[in-house]
Amino acid sequence: MKAAMTEPGRTSYVEQVDLLGCRVTVTRWPGGGDRTPILLLNGVGSGADLLAPLAESLRDVEVITFDFPGAGSSRPPLLPYPMAAAAAFTAALLTRLGYPRVDVFGVSWGGTLAQQFAIQHPARCRRLVLAATAAGIPSMPGRPRTIARMLTPRRFNDADYRRRIAGSLYGGSARNDTSVVENLDHAMASISWRGYLYQVLAVLGWSSQPALPLLRQPTLILAGDDDPIIPLVNARWMARLIPDSTLHVIHGGHLFAVSDSKHVAEIMNEFLQQER
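Caption draft 1: Just the overall build of the protein chain, in detail. Per the secondary structure count, the protein chain includes eleven helices and nine strands. Here the protein chain holds 276 residues, and the buried ones make up 57% of them. Taking the intrachain contacts of the protein chain between residues at least 6 apart in sequence as the baseline, contacts between residues at least 24 apart amount to 73%. Total accessible area on the protein chain stands at roughly 12000 Å², and carbon and sulfur atoms take up 55% of it.

Caption draft 2: View of the side chain of Thr27. Tracing the backbone shows Thr27 in strand β3 (residues 22-29). Among the residues examined, Thr27 registers a relative accessible area of 8% and is labelled buried.

Caption draft 3: Region of the structure containing a nonpolar patch on the surface. Residues Leu197, Leu201 and Leu204 make up a contiguous nonpolar surface patch of about 270 Å² in total accessible area. Locating Leu197 in the fold gives a position in helix α8 (residues 193-203). Given the relative accessible area of 44%, Leu197 is considered partly exposed.

Caption draft 4: Spotlight on the pattern of salt bridges. This model, assessed by the stated rule, comprises four salt bridges. Between Glu15 and Arg28 there is a salt bridge whose closest N-O contact spans 2.4 Å. Taken together, the residues Glu15 in strand β2 (residues 10-19) and Arg28 in strand β3 connect sequence positions 13 residues apart. Here the two residues Glu15 and Arg28 agree in accessibility, since each one is buried.

Caption draft 5: Looking closely at the pairing of strand β9 (residues 245-250). Sheet analysis places strand β8 (residues 219-224) next to β9, joined by six bridges and oriented parallel. Pairing of Leu222 across the sheet is with His248, part of β9. On the question of chirality, the crossover connecting β8 to the parallel β9 by way of helix α9 (residues 232-241) is right-handed.

Caption draft 6: View of α9. Taken as a whole, α9 has its buried residues at Leu232, Asn234, Ala235, Met238 and Leu241. Looking at the buried residues of α9, the elements they touch are α3 (109-120), β7 (125-131), β8 and β9.

Caption draft 7: Highlighting the pairing of strand β6 (residues 102-107). Most of β6 sits out of view: six of its six residues are buried. Alternating positions in β6 separate into two faces, Val102, Val104 and Gly106 on one and Asp103, Phe105 and Val107 on the other, with burial throughout. Pairing geometry for strand β4 (residues 38-41) and β6, over four bridges, is parallel. In the sheet register, Ile38 faces β6, and the bridge partner there is Asp103. Each parallel crossover has a hand, and for β6 linked through α3 to β7 it is right-handed.

Caption draft 8: A look at unusual backbone geometry. In this structure, the amide linkage connecting Ile137 to the following residue, Pro138, adopts the cis form with an omega of -10°. In this structure, Leu20 takes a positive phi of about 50° despite not being glycine. Note that Leu20 resides in the loop between β2 and β3. Using a relative accessible area of 65% as the deciding quantity, one classes Leu20 as exposed. Backbone geometry places Ser108, a non-glycine residue, at a positive phi of 55°. Topologically, Ser108 is positioned in the loop between β6 and α3.

Caption draft 9: Layout of helix α6 (residues 159-170). Relative to the 16 Å expected for twelve residues at 1.5 Å per residue, α6 spans just 15 Å between its end C-alpha atoms, considerably shorter than the ideal helical length. Within α6, burial applies to Tyr161, Arg162, Ile165, Ala166, Gly167, Leu169 and Tyr170. Just downstream of α6 lies Gly171, where phi reads positive at about 65°.

The rules behind the values
Each chain has its residues counted from 1, running along the sequence as written. Predicted model: local features are reported for residues with pLDDT of at least 70 only, side-chain atom pairs are reported and counted for 80 or more only, and whole-chain, interface and lining totals are derived from all residues. Water and hydrogen atoms play no part in the side-chain values, which are based on all heavy atoms of the structure. What counts as a helix is a DSSP run of H or I of at least four residues, what counts as a strand is a run of E of at least two, and both are numbered from the N terminus. When a residue's accessible area, from a 1.4 Å probe over protein chains only, is under 20% of the maximum for its type it is buried; when over 50% it is exposed; and in between it is partly exposed. Whether two residues are in contact is decided by their heavy atoms: any pair within 4.5 Å suffices. Reported accessibility uses the Shrake-Rupley method at a 1.4 Å probe radius. Residues are deemed covered only where the shown protein chains occlude them. In this analysis, a patch consists of residues with relative accessible area above 30% that form no salt bridge, clustered at 9 Å for like charges and at 5 Å for the nonpolar side chains Val, Leu, Ile, Met, Phe, Trp and Tyr. Salt bridge, as used here: a side-chain nitrogen of Lys or Arg that lies within 4 Å of a carboxyl oxygen of Asp or Glu. Two strands are said to pair when DSSP picks up at least two bridges between them. Crossovers are described as right-handed under a simple rule: with the strands pointing away from the observer, the path leading from the first strand over the helix to the second runs clockwise. A helix is expected to span 1.5 Å multiplied by its residue count minus one.

Structure representation (structure tokens):
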């Protein structure tokens with residue numbers, strides 16, 4: 001296990017875990033007190049570094065994240081998998097790491113995984129936070145040009161291309177603040193075509209909508225008001241489907257959890273520390 005100081009007084013620990021034929025990179029930030037640990041699930045192709053600012057802002061709680069197989073520095077699996085298998089893998093990893101129950105945060109692709117995990121393993125998910133995500137088919141997609149850019153890992157592997165398309169792809173502050181994307185350069189490590197393709201295939205044809213009315217976890221839905229990838233209407237629809245849900249609209253684009261991580265952490269902390 002390797003330790004790294006991410007900000008004064010906040011040390012993260014990185015380790016490699018072999019599980020079900022995959023070697024995944026796990027990053028943890030220890031917390032204090034008796035709060036339920038929180039698992040952060042990342043967007044498609046992204047490594048743990050992308051959510052490090054959010055993890056560092058979630059003070060006094062243990063934070064766990066991992067590079068899903070094929071993303072970040074984790075090796076891709078040999079075969080494609082459905083979202084149900086991704087949720088089962090996540091549950092198995094938590095068992096290996098010694099976490100019987102967690103709060104779960106998922107952003108974008110990680111939000112679909114978070115929904116599937118909460119549906120599939122309800123006893124292991126205390127509270128649920130869904131950010132910049134949707135409930136699958138049927139949903140309101142972004143514009144065709146936006147979706148086309150999402151279907152290639154070039155935005156991860158080509159920094160110049162990422163900067164050129166940032167505003168129209170991510171919206172929000174990325175439209176006029178180049179530092180938003182420049183700050184992502186170190187987090188968007190090169191990924192394999194196979195790993196990226198498998199993540200995309202896992203969500204194609206997937207839907208949580210029939211099961212969302214059965215969710216009993218208190219759920220916080222976070223959505224940007226300028227998100228070209230996941231339009232705001234999707235969050236409003238999820239809020240109607242999930243019985244115990246709260247929708248919080250943030251002035252920003254698809255990357256608000258990164259560009260405005262301290263504000264997002266404040267909203268999450270208030271929600272996670274509620275008694276019921």
